[in-house]
Amino acid sequence: MKALEWHGTKDIRVIERPVPKVTDPNDVVIKVTATAICGSDLHFYLNYTPGMQKGDVVGHEFMGIVEEVGESVKSVRIGDRIVASFDIGCSSCTYCSNHKLYSSCDNTNDSKKQEALYGHRSAGMFGYTHMTGGWDGGQAQYVRIPFADTNTLKVPDALPDKKALFLSDILPTGWHATEMGQVGEGQTVAIWGCGPVGMLAAQSAHYKKAGRIILIDQEDYRLSHAKKHMPYVETINIKNGTALSQLQQLVLNGPDCVIEAVGFHYAKNPLHKAQMLVGLETDPSEILNEMIMAVRKGGIVSIVGVYVGLTNGFNIGAFMEKGLRMAGGQTPVQRYWPTLLPLVEKGELDPSFVLTHEVPIDDGPKMYKVFNEKQDNCVKVILRP
Ligand code: NAD
Ligand code: ZN
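Given the structure is predicted, the values throughout are model-derived calculations rather than measurements.

What counts as what
Residues numbered from 1 in each chain as written. Chains lettered and ligands numbered in written order. Predicted model: local features only at pLDDT ≥ 70, side-chain atom pairs only at ≥ 80, totals over all residues. Heavy atoms only, no water. Helix = DSSP H or I, 4+ residues; strand = E, 2+ residues; numbered from the N terminus. Rg over C-alpha atoms; globule rule 2.2 N^0.38 Å. Buried < 20%, exposed > 50% of the residue type's maximum accessible area, 1.4 Å probe, protein only. Areas by Shrake-Rupley, 256 points an atom, 1.4 Å probe, with all protein chains shown as cover. Lys, Arg positive; Asp, Glu negative; His and termini not counted. Charge placed at Lys NZ, Arg CZ, Asp CG, Glu CD. Pairing = 2+ DSSP bridges. Donors = N, O, S within 2.8 Å, 3.2 Å for Na, K, Ca; no water. Salt bridge = Lys/Arg side-chain N within 4 Å of Asp/Glu carboxyl O. Domains from an automatic or database assignment. Contact = heavy atoms within 4.5 Å. Buried area = accessible area lost by both parts, 1.4 Å probe. Polar contact = N/O pair within 3.5 Å; in protein donor to acceptor, adjacent residues only side chain to side chain. Nonpolar A, V, L, I, M, F, W, Y, C, P; charged D, E, K, R; others polar. Axes fitted to C-alpha atoms, helices over the stretch in contact; angles between N-to-C directions. Near = heavy atom within 4 Å.

Overview of the overall build of the chain
Point 1. Helix and strand counts for the chain come out as 14 helices and 18 strands.
Point 2. For a compact globule of 385 residues, the expected C-alpha radius of gyration is about 21 Å, and the chain comes in at 20 Å, within 12% of that figure.
Point 3. Principal axes of the C-alpha set define a box for the chain whose edges measure 60 × 50 × 45 Å.
Point 4. Out of the 385 residues belonging to the chain, those deemed buried represent 58%.
Point 5. Approximately 15,400 Å² of the chain is accessible, and the part contributed by carbon and sulfur atoms is 50%.
Point 6. On the chain, the mean spot of the 38 positive side-chain charges and the mean spot of the 42 negative ones are 3 Å from each other.

This is the structure:
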């Protein structure tokens, strides 16, 4: 089969590999019909993510048709059309079963060494780093899915790929940002990052009847894309002044909730990026401090943009004195499926507007470059294996 492999900084290759097989009774193997490139993929593309190994199969947003089923799997059969969660839960550890925190599963990433190195350990994730278990990813013609009863969602044939696929990650993640931020009726929400995740956080906030939604980015074409499809949003381009100063003009006292949908790979000082991975020195996390300064007193800082390693220069004083709350995390995708699938089916949420490019998987390496460099007004890419 064909698969996209990581071979180093900005080096993604299409490689021929053996088709994976069911190796555990809880596995399924699917034939991938659609897979997307995510902002999270830029972390290893730029080689900022620890724990990558040459030859890793990448990709964590994918869907397809079930080809082979392990004997203990109950919820899906051969021929079913499914979407996978990017995070791999087991459903039986305390995090999965008691907290519905599938993205903190204790059984799918046993890398104690990573925990010792980085001070934390998340669940396993598809097609990411060995820091998250080193599971083969779905930017491939076939992929093996462990604990299939937990990590697959059957989707109706009538739901097109471009609506179903984004249930693997970015729609639940946009939703998760608003859940952590306790976004509700009439509230003002400011979102740093007008990528696919920021845009779907905006759509989720609108669904929850937020009063004002402000998207912040440095790319005019992304802000225009958002405005075209969500006329209710306001936009700020940080090329016209800092986000903080522009927000202070727009919102008296500051937003009720601020959402981080950018991630550490956009931090200004690339030296810091490399250093903070080994905890030697730190990135001043300018966006996080800006958010702490911008949010109203007593407000909530919600972080879905990915951060790795340590950061000093963090404004703990303002955080404490303003009485803020902060929440962050990889999204427990499976927790939100029962809520989000019906909303997508009814058309009350429609993530498909983020899609700008749909190409064969052979163009994967080229599309990583296009997506990273913001060429050709790219917002979201689907690869067809
Ligand atoms: P993306 O790279 O397409 O979008 C990020 C956007 O942030 C870009 O449009 C960029 O121009 C903008 N940006 C850069 N610097 C900025 C600044 N200083 N202020 C405001 N905007 C700025 O990525 P995406 O796919 O939308 O993902 C966004 C983040 O969410 C990434 O860090 C990704 O890893 C993370 N993510 C997290 C989860 C999760 O489970 N928590 C899931 C998916 C993605
Ligand atoms: Zn993703």
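Observations concerning helix H6 (residues 170-180)
Point 1. For H6, a buried count of 10 out of 11 residues is recorded, marking the element as mostly surrounded by other parts of the structure.
Point 2. Along H6, the residues that are buried comprise Ile170, Leu171, Pro172, Thr173, Gly174, Trp175, His176, Ala177, Thr178 and Met180.
Point 3. Following H6 by one or two positions, Gln182 adopts a phi angle in the positive range, close to 50°.

Notes on the sheet that holds strand E1 (residues 2-6)
Point 1. The strand order across the open sheet formed by 3 strands is E2-E1-E4, and the pairing between neighbours is antiparallel. Of all the strands in the sheet, the pair left with one neighbour each is strand E2 (12-16) and strand E4 (56-57).
Point 2. Across 2 bridges, E1 lies against E4 in antiparallel orientation. Paired with Glu5 across the two strands is Val57, which belongs to E4.

A few points about the coordination of the zinc ion (ligand 2)
Point 1. Those donors, Cys38 (SG), His60 (NE2), Glu61 (OE) and Asp169 (OD), are the protein atoms that reach the zinc ion (ligand 2), and they lie 1.9 to 2.2 Å from it.
Point 2. Binding-site remark: the zinc ion (ligand 2) is held by donors from one chain whose sequence spacing is C-x21-H-E-x107-D. The same class applies to His60 as to Glu61, namely buried.

Focus: the pattern of salt bridges
Point 1. Taken as a whole and assessed by the stated rule, the structure comprises 16 salt bridges.
Point 2. Close ionic contact of Asp80 with Lys154 constitutes a salt bridge, the shortest N to O distance being 3.6 Å. Of the two residues, Asp80 sits in the loop between strand E5 (61-69) and strand E6 (81-84) while Lys154 sits in strand E10 (residues 152-154), which places them 74 residues apart along the sequence.
Point 3. On the basis of relative accessibility, which here comes to 46%, the residue Lys154 falls in the partly exposed class.
Point 4. In this structure, Glu179 engages Lys208 in a salt bridge whose closest nitrogen and oxygen atoms are separated by 2.5 Å. Linking Glu179 in helix H6 with Lys208 in the loop between helix H7 (196-207) and strand E12 (212-217), this pair joins segments that are 29 residues apart in sequence.
Point 5. Taking the relative accessible area as the measure of exposure, Glu179 reaches 36% and is therefore partly exposed.
Point 6. A single network of salt bridges, built from pairs that share partners, joins Arg81, Asp161, Glu358 and Arg384.

Focus: the domain arrangement of the chain
Point 1. Taken domain by domain, the chain comprises domain 1 (2-169 + 331-384) and domain 2 (170-328).
Point 2. Each of domain 1 and domain 2 has a C-alpha centre, and these two points are 24 Å apart.
Point 3. Counting residues at the interface gives 36 residues for domain 1, matched by 26 residues for domain 2.
Point 4. Of the roughly 2,900 Å² buried where domain 1 meets domain 2, counting both sides, 71% is carbon and sulfur surface.
Point 5. Its largest share of buried area at the contact with domain 2, domain 1 owes to Tyr48, Phe353 and Lys374, together 26% of the area lost on that side.
Point 6. The interface formed by domain 1 and domain 2 contains 0 salt bridges.
Point 7. On the surface where domain 1 and domain 2 come into contact, there are 10 residue pairs in polar contact (both at pLDDT 80 or more).
Point 8. Every element with two or more residues in the side of domain 1 that touches domain 2 is listed here: helix H1 (41-45) and helix H13 (333-346).
Point 9. With 6 residues, H13 is the single largest residue contributor to the side of domain 1 that touches domain 2.
Point 10. Of the residues belonging to the side of domain 1 that touches domain 2, the class tally is 22 nonpolar, 8 polar and 6 charged.

Some thoughts on the sheet that holds strand E11 (residues 188-192)
Point 1. Across the sheet, 6 strands lie side by side as E13-E12-E11-E14-E15-E16; this open sheet has parallel pairing. A single partner strand is all that each edge strand has here, and the edge strands are strand E13 (234-237) and strand E16 (325-328). Shown here is a sheet whose adjacent strand axes are inclined to one another by a mean of 15°, direction ignored.
Point 2. Summarising the sheet, E11 and strand E14 (residues 257-260) pair through 4 bridges and their orientation is parallel. What sits directly across from Ile191, in E14, is Ile259.
Point 3. In the packing of H6 onto the sheet, the strands contacted are E14, strand E15 (300-303) and E16, and the crossing angle to E15 comes to about 155°.
Point 4. In the packing of H7 onto the sheet, contacts are made with E11, E12 and E14, and the angle to E12 comes to roughly 175°.

Details of the site of ligand 1
Point 1. In the vicinity of ligand 1, 33 residues are found, and the nearest of them are Ser40, Asp217, Arg222, Tyr266 and Thr331.
Point 2. One of the backbone N or O atoms of Pro196 is found 3.2 Å from an oxygen atom in ligand 1.
Point 3. Interatomic distance of 2.8 Å between a side-chain N/O atom of Arg222 and an oxygen atom of ligand 1.
Point 4. With the chains in place, 97% of the 860 Å² that ligand 1 exposes on its own is no longer accessible.

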